[in-house]
Every structure is written in structure tokens, then in C-alpha cells.
Amino acid sequence: MWDYGEHALETARLRGATYADVRVMHLRQRDLTTKNGEVGTLGQHESIGLGIRVVANGAWGFASTDQLTREGVAGCAAQAVAIARSSALAKKENVQLSPEGTYVDSWVGPCHKDPFEIPLESQLDLLLAVDATMHKVKGVTLSETDMQFRKIDTWFASSARSKIHQRRVISGCGIVATAFQDDGIQKRSYPNSFGGQHVLGGYELIESMELLRHAARVGEEAVALHSAEQCPEKSGTLILCGSQLGLQIHESIGHPIELDRVLGQEANFAGTSFLTLDQLHKLRYASPIVNVVADARIAHGAGLGTFAYDDEGVPAQRIDVIKDGEFHGYLSSRETAHLIGLPRSGGTVRTEGWNRLPMIRMTNVSILPGQWTLENLIADTDDGILMDTNRSWSIDDRRYQFQFSTEIGWEIKGGKKTRMLKNPSYSGITTEFWNSCDAVCNADEWVLWGTPNCGKGQPMQVMGTGHGASPARFRNVTIGKAFAKQ
Amino acid sequence: MKPPPKHRISESKARQAAGLRPELELHQIAATVLRLAKQRGVPETEVHIDENIQALTRFANNTIHQHVAEHGVVVSIRTAADGRTARVTTNRVDEDSLRTAIEDCLSLAEHQPKDAKLLPMPGKQNYRRVRHFFPVTAGLTAEERARAVKNACEFAEKHGQVAAGIFSSGQQQSVLVNSRGLAAAYRQTHATFSITMQQDSAASWAKGNSGDVRQFDPAKLTQTASQNAARAQNPTELQPGHFTVILQPAAVLDLVGFLFYDFAATAVADKRSCFSGRVGQAILGRNITISDDVYHPLQLGAPFDGEGVSRQKVVLVDRGVVKGLVYSRRSAKQGGTKPTGHGFPLPNEYGEAPMNLVIEGGTMPVDEMVASTERGLLVTRLWYIREVDPYEKIMTGMTRDGLYLIEKGKIVGAARNFRFNQSILEMLRNVEQLGPVCRATGEEAFEMVVPPMKIRGFHFSEATKF
């Protein structure tokens, strides 16, 4: 693979590129699903190709090809240079890149049990057994399960002579029970909704999730929601479970700190950010107990945002995003870091595949654990609502105003979890919400959740991001607006 | 609309620049797969080959900041034997790789339980012709896109505004064959110009999309976004509540587009559709008629589905009554009816969906809707729309890039953006006026043919800060 990369770099240099980096990527993916006791999707996907990014005439160009021959690769590199020259027609300034070292390295992410080596029968047997357990719960009208495995090899080379190979195996699984009655549709998911939990790792994730042990409960809760009371509309105390807090972090912290958004580069599609440059080190983003980092290092955990080098060849780093409640840092790239006075990129640039341009993406944007156990937190709450497992999420294009709903809620009265509530939702303004946080649970409750489906960019790229979170409490939150009388 | 003459591209130049392989080459790859599978003794094989050439020029802060191109071929193989089927996809098209893909597919399939409901693959089909490939679009070059973008950026600078957006173009072809003699082929082009104009803290947006790049004019779209950004200044903060709204086509599309899967027979059978238990009922207004029609002149898309079955026009809602659903071969057999040509590639758990929705329009232009409104809001587009309640089809989302207050028949200024929580079913019972249809393009749903709508009682629940 290195030969293809080096040939592309050499062609770009000869054509006049002043900088180039190339990624040869080999992606393998397996998808398994079941529905109502039958196999749904059963497929495998393989894709291999090369993408090259160049600077010529001071402007960017990118081209990609699946023709892995010397001729195909050279043609692709020449096309990237020609595109860069046409970009220069509407150029205001020459592209500048923050300085970065040269690295020659190879890294393999954690994977104890290669999911592609696990017999397919055992994978399907597990999913079908879980499916059957959910479906036999009276009132469950739809039972679904899924597993997804990916193995991604990337060979990165740059005109600065870096050569880096990385292998990442990603595994995920989830189960869903849906109950339809005359009054509507209710569902419960485990371990998370919208595809479940995904991590950097192998089949050991699937085993650790104990899907079968949770199947009956998931089905029973989906049915029980129909008899539950409607979540009230009020202002009050909210406790979010870890997976929902992970998504809250993703939407109201992770996206606003992307420097390309802040600088207007996503204005037409994903949007901009309320975190304008004058807010850095000044904005009271959250209450003083809130500390958030963006950490791509394996030391933080094996998440979807974990790697050794980003797709610009910058080593993985930990960035303080919110420190004792104060806004401390953005997610940056080699092109944007110097614009805010940083000496180097924060190492957050990633690509979905060989045919997509690398761009700033969240790594593992996580809240650091606090002191509470969930049991003690509930005991300390006189009147509140506990919400678990996301059902819908939405936030404006500058990331101020959000609304989330969850699959299930529980009323807390006098320090005890009491009746089940259906259709829970909450909404607010990002900084007001985070400043109302008065408790974060401890490391025992902390999980590095995976969000496998984050969309950004044009053409759209889907990327996995990580979000470490434990349950947390918020005060004076607007609750129940989503289902307020229409 | 046609672009100014200086941007026109000659047909001969376009043909030179077009880079898809001859269709015959794709058929040859497919024939290789069928031959290898037959040698291996596979009873039934399906091969779907897609070739894509895509390019996109992206701009922000009045300059090009991303500029990309890609070209790829993907071969997707499905084998079926003894009630077991699976799919393997690869972009390696040499004979050894295709042989490996077939083996992988057989291996996947043989390790699953037998599916008694698996149908034999369909035989030869007849297809209605569609013309969705325009050489002029296929021939659009990086430099031509860059020049159009440069014009837009210069226009923005001249008006004290900041432009961001894309100009993309592409071409694709598909070949679908199976071992029972089915053979289908399709090619299309597409182009999109989207622009956001920012002026101080306000913004507005315009977007065009077509198979034929001559059907929209980047300069006109730039002017529209610019004018609307200028009048989006100094927005008033209004109290949330129920408003009469006029939704521009992009706003209609992005909201109503969320209904598409509800029209799938499989979704209704699974009881996850908002039409479960409601087929045949008048649950929308009498002025609402919705069909799925790939042959509509403003639509793009192949005239066959994921199994190669010919797509039919289906009336889904007739004057407010949910009349029809779309069916794959499997769901049609279960429902005792005929397939409509809307199935997804097998195997899958979702069945089918209409991908070419057309909502019948009226005659009233948006300007006249505004003139007829005592108090209301004109909505440019909606953003981050998500489902809050699947059965009442309550959706939440935000207004974006231009929300304008109407009083006494005139636009009197801009309003701060709102969050809405609104049932689509209720909304489509409250449509007061419909405008002429267009090929609408947004960001939340795929392109459809829809009219602008004037709707009473649209529910805004909260406001944001801009």
C-alpha cells in the first residue's frame, strides 16, 4: 500500500503541489440484524481505495480513486492538483498549516476477539435468542436486534515524510422492543437507542453487554410505558442517565467547539456556533463542577474517537474543553489551529473513508466523573425526574436551543425512584442548562458511550464519536414541552 | 431557469468530459459474476453494479475551502440457495476478488436459518424509459464550478455579506442483473447549488437541484439569498404559540419528507407506521393528495427497485384519504397484492419505501399567500427535524435562515427563530392554501416535488437567541 501512497505523493509534487497527504484505506464491515424472529440484514461490505489532498497555488484540492494501479493513482493525484488550481480562482489567502512533526509508526487498536473470526452462527444465534425473548413478552409488537463490526486499515503518508499505519476494529450491538397500542407506539432499547453501544474493540463488547439478560426487561418496559403516566410539563430537577448525557455532550458541547464551525466553514449545512472566538477562556460554560475533555488517547478508553494519529498525521491528544466550568478549548486542525494562536493542531481531523476529505470531528468528548453514586444522587433528590435512553434530539444551527426526549422516565419523590413516566422530554439553552448542573456521578457509573452516526460535511460524512459520561443532575430545567398540548 | 450564456457548456465538450464507463463494461462484470456463481453451483445470483462520479466545490467566508472529486465502482452480489440469502459488496472487480465475494456470500448465507418466505428471484422485466442523464451536467468541470462560486463570493462581498455553500455535480450508472434473466440499467446526472448568505448576525439561504444543471441559475439563487439575508436583520423576539405559517417548498419537503417510510406496507405490518390502523381513513385534509411517481418530469431515480421490479406510480393519499401503500415482492405476497416496485435490495428488514413523492399543488404563489395573511410567519427552511411521537407523527425542529413576520398582508420584518413541536398529520389537516409545485431540495429529506403551503395553527413551543 505504501507504494501507491508514495507514487501519488510524487505525482502531486511533480505537478506542482507544495503539500500533499494521502490515505490508502481498506474497510471491511459486517452487518447483522433480526426482526420478529427472522434474520433481516445479513451482509458484508469491503471497500479499498486512495484519497489524496494537496495544496497547489496556495489552495486545496482533493481527489479519490478505487483504481489502485500506478496509472490510476497518478491520475488521481494529477486530478487533485488540477482541482486545487481551480480552487485558487476564488482564493483569498494561501493555505497555511501549523507545524507538525514527522512520524513513522504503526498502531493497532485494542481487539481481544476479532469479530470477523467469531462463527456467524453464534452471532445469529445470540441475536435470534434475544429477539425471541423480547417478542414473547405479551404486548410487544416488534422486536429487533443488530450487530455491526468494522475493521479499518489506514496507510497515511505525507509530503512531510510521515508514514503511519493504523488498524481499528469497531464493534457495536443493540436491541429494541416496540409496543403498539391504540394510544400510540412506545419502545425501549438496550444498551442504547439508534444502534446500541459501539466501541473500539472486538467481540468482547458484545459479550460484555449481556443482551439476553436484558431482553425480557426491555420488552416489559416497552409494554408498561402504555400504562404509565404522561411526563408533566413543568420546570424542575432532572437527572440524566449516562447515555443521554453523552448525547447531550455531543450536541451542546462537542459540535459547538468544532473550530471549522466557529470559523463559518459549515455555515451552509451543519451550521455555525455560539462559541465565537472572544468566548475562549472567558465564557462560564457550565457550573464549576463540570470538567469536559476531548481525549483521543487510548488512556482515556477505547472509544469511537480513539486513535494514535488523526488523518492529518497529528498524534492523539487530550484537550481541556471545559475546566471548572470555564470554556477552555476548541477542536482544531492544522489549517485552523494557528488562526487562534495555537502552536499546533489539536489532532481532531478524521475522514469517513478513502473517498472523503478529512475534517474536524469530535474525538472522545467526555465529562469527567464527579463524586456521587447514582443511588446517593437519587436519595439526595426530593422532587425530580430521571430520564433514560434517547428517543429524539434536536438543536439549533448555532447550538443554543435544544430539545431532547427519552424513551422512559421515572419520577423521583422524597429521595426515591417511584412511578414510571412516558414521553419524557426536556429543553433549554446550552449554557443555562450546563450552569444548572449540580452533581455528576463517579467513575463507577462512567461509561465511554459511542455515537456511531454523527453526520457532518458536504458530501456528508458519517463518523463515530465517543462520549464518556455518568449520570448527572440539573436544576430548574424546562420539562415536557415536546408533548405540551398541540 | 437558464444560466447566463457565458456559463453555458457545449454538448460536445460535455461528452468529452463525461467519464462513466461504457454500460457494456458493467454488464461484462455482471456476466463474470453470474458465470463464476454458476460454476460454483449457486442456484440463484443477483448482481448490482453502481458507478459513481461525484465532484463538489465548497465555499465559506467568500472563498473556496474544500474542493473534492471521487470516482468509484461497487459490485454488490446476492446469492440465494435453499431458502437462505445474503449480500456481499466489494469495490474490487478483478475475477479473483469477485470469486472471493461469491464465496463470502455463500458462507454468510449458509450459516443462517432457512427462510420459508424467501421468494425466487424475479425474471425478465419491462421498464418504462426515463431521461435523467444530461451530458451538460456530466461535463461540468471543477473550473466551471469554481468560476460560478467566485461570482457568488464577489456578489456577497459587494453587498457586505458573507457567502457559504456548495456547487456539486455528478453522474452515476447502475446495472442490475440476475441469473433468472432480469437485466436493468439506469444512468442519471445531478447538480446542486446551495448558498447561505450571512449579513451581520442574520442569514438566509437558497438552493437548486436538478438532473440538468441548466434548470437552476447560481446567480439567481445568490441574489435571492442575498436579498432575504438583508431583510432578516434585527429579528423581533415573538412569544411562542400557534401561528399561521407559510412554508416555502424546502420547509414543506423537510417536514413532510419524514412521512415517506410510513407509506411502506412493511412498516404498517410492523405497526411502526403512523398509518397503522388508519389506511382507508380520511386523516388528512381534502386538499392533500400524495403520490409516488418516478416518472414525474421533475423527479430523478431509477425506474426499477432493489430487486429490479419496475416502479409503478402509486397514489398514497387521495384527497385526504390514505389510499395506497408501496410494496416489495415479499410484502405484496404477504398482503395478497402486487408489488409496486419499491423494494429495497435484499436481504433487509425494512421492506420498501416510496422514494419519489409528489404532493399535488395549487395555483397561489407565495406572494399572494403573504398578501392574504392577517398575521403569520413566512418560513424559509427548517432544521434538525426529529420525530418526537411516531404515531401522531409529532416532529420537532427549528426554523433557520430567515423567519419573517407577516402583518396585514405584508412582511414587516424578521423574527427570532423558533422551535416547533407539530404533528404532521394535524398540519396536513390545516392547509389553507397550496402553491405551484417545484422540485424542492432541503437538507433533511431527499428531493421531492412539493408546493409551498399556508397552514393555520402551526405550533411553535420555544424561541432561541437569534
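The sections below set out a description of the structure shown in this document. Note that this is a predicted model, so its numbers are computed, not measured.

A count of helices and strands for chain B gives 11 helices and 19 strands. Scaling as 2.2 N^0.38, a compact globule of 466 residues should have a C-alpha radius of gyration of about 23 Å, and chain B matches this with 24 Å. Each of the 466 residues in chain B was classed as buried or not, and the buried ones make up 64%. Pairs at least 24 apart in sequence give 73% of the contacts found in chain B among residues at least 6 apart. For chain B, the exposed area adds up to about 17300 Å²; of that, 48% sits on carbon and sulfur atoms. In chain B, 57 side chains carry a positive charge and 49 a negative one; their mean positions are 3 Å apart.

A few words now on the pattern of salt bridges. All names here are of chain B. A complete count under the given rule lists 69 salt bridges over all chains for this structure. Glu 95 is paired through a salt bridge with Arg 99; the nearest N and O atoms lie 3.4 Å apart. Of this pair, Glu 95 and Arg 99 both sit in helix α3 (residues 95-110), four residues apart, roughly one helical turn. Salt-bridge contacts for Glu 387 lead to Lys 393; the nearest nitrogen and oxygen are separated by 2.7 Å. By relative accessible area, which is 29% here, Glu 387 ends up partly exposed. Judged by its relative accessible area of 4%, Lys 393 is buried. Members of the salt-bridge network, linked through shared partners, are Glu 46, Arg 78, Arg 87, Glu 307 and Arg 329.

With that settled, consider the packing of helix α3 (residues 120-135) of chain A against helix α5 (residues 211-224) of chain A. All names here are of chain A. Viewed as axis vectors pointing N to C, α3 and α5 meet at an angle of 20 degrees, and their least axial separation amounts to 8 Å. Taken together, α3 and α5 sit at an angle that is classed as roughly parallel. Between α3 and α5 the crossing geometry is right-handed. Judged by residue contacts, Leu 126, Leu 127, Ala 129, Val 130, Thr 133 and Met 134 of α3 engage Leu 211, Leu 212, Ala 215, Ala 216 and Val 218 from α5. Split by residue class, the contact of α3 with α5 holds 10 nonpolar, one polar and no charged.

All names here are of chain B. When you line up the elements, Gly 280 lands in the loop between α8 (265-269) and β8 (290-292). With 38 residues separating them along the chain, Gly 280 and Asp 318 place their C-alpha atoms 9.8 Å apart. Non-local contacts of Gly 280, meaning those with residues more than four positions away in its chain, are made with Val 321 and Val 322.

Turning next to the side chain of Gln 403 of chain A. Along the chain, Gln 403 of chain A turns up in strand β18 (residues 401-413). According to the relative accessible area criterion, Gln 403 of chain A is buried, its value standing at 1%. Reaching out from Gln 403 of chain A, the side chain makes a polar contact with the side chain of Thr 396 of chain B at a distance of 3.3 Å. Engagement of the side chain of Gln 403 of chain A in a polar contact is seen with the side chain of Asn 421 of chain B, the distance being 2.8 Å.

This part covers the interface of chain A and chain B. Listed as interface residues are 84 residues of chain A and, on the opposing side, 86 residues of chain B. Between chain A and chain B, the buried area comes to about 7200 Å², and carbon and sulfur atoms account for 51% of it. Connecting chain A to chain B are 10 salt bridges. The salt bridge partner of Glu 432 of chain A is Lys 465 of chain B, with a shortest N-O separation of 3.8 Å. Taken together, the links from chain A to chain B amount to 49 residue pairs in polar contact (both at pLDDT 80 or more). Counting residues per element, the side of chain A that touches chain B draws most heavily on strand β2 (residues 38-56) of chain A, which supplies 11 residues. When its residues are assigned to classes, the side of chain A that touches chain B shows 31 nonpolar, 32 polar and 21 charged. Alignment of strand β3 (residues 59-65) of chain A against strand β2 (residues 63-81) of chain B, held across four bridges, turns out to be parallel. Bridge assignment links Thr 65 of chain A to a residue of β2 of chain B, and that residue is His 71 of chain B.

The rules behind each value
- Residues numbered from 1 in each chain as written.
- Chains lettered and ligands numbered in written order.
- Predicted model: local features only at pLDDT ≥ 70, side-chain atom pairs only at ≥ 80, totals over all residues.
- Heavy atoms only, no water.
- Helix = DSSP H or I, 4+ residues; strand = E, 2+ residues; numbered from the N terminus.
- Rg over C-alpha atoms; globule rule 2.2 N^0.38 Å.
- Buried < 20%, exposed > 50% of the residue type's maximum accessible area, 1.4 Å probe, protein only.
- Contact = heavy atoms within 4.5 Å.
- Areas by Shrake-Rupley, 256 points an atom, 1.4 Å probe, with all protein chains shown as cover.
- Lys, Arg positive; Asp, Glu negative; His and termini not counted.
- Charge placed at Lys NZ, Arg CZ, Asp CG, Glu CD.
- Salt bridge = Lys/Arg side-chain N within 4 Å of Asp/Glu carboxyl O.
- Axes fitted to C-alpha atoms, helices over the stretch in contact; angles between N-to-C directions.
- Parallel < 35°, antiparallel > 145°, perpendicular 65-115°, else oblique.
- Left-handed = near helix turned anticlockwise from the far one by under 90°.
- Nonpolar A, V, L, I, M, F, W, Y, C, P; charged D, E, K, R; others polar.
- Polar contact = N/O pair within 3.5 Å; in protein donor to acceptor, adjacent residues only side chain to side chain.
- Buried area = accessible area lost by both parts, 1.4 Å probe.
- Pairing = 2+ DSSP bridges.

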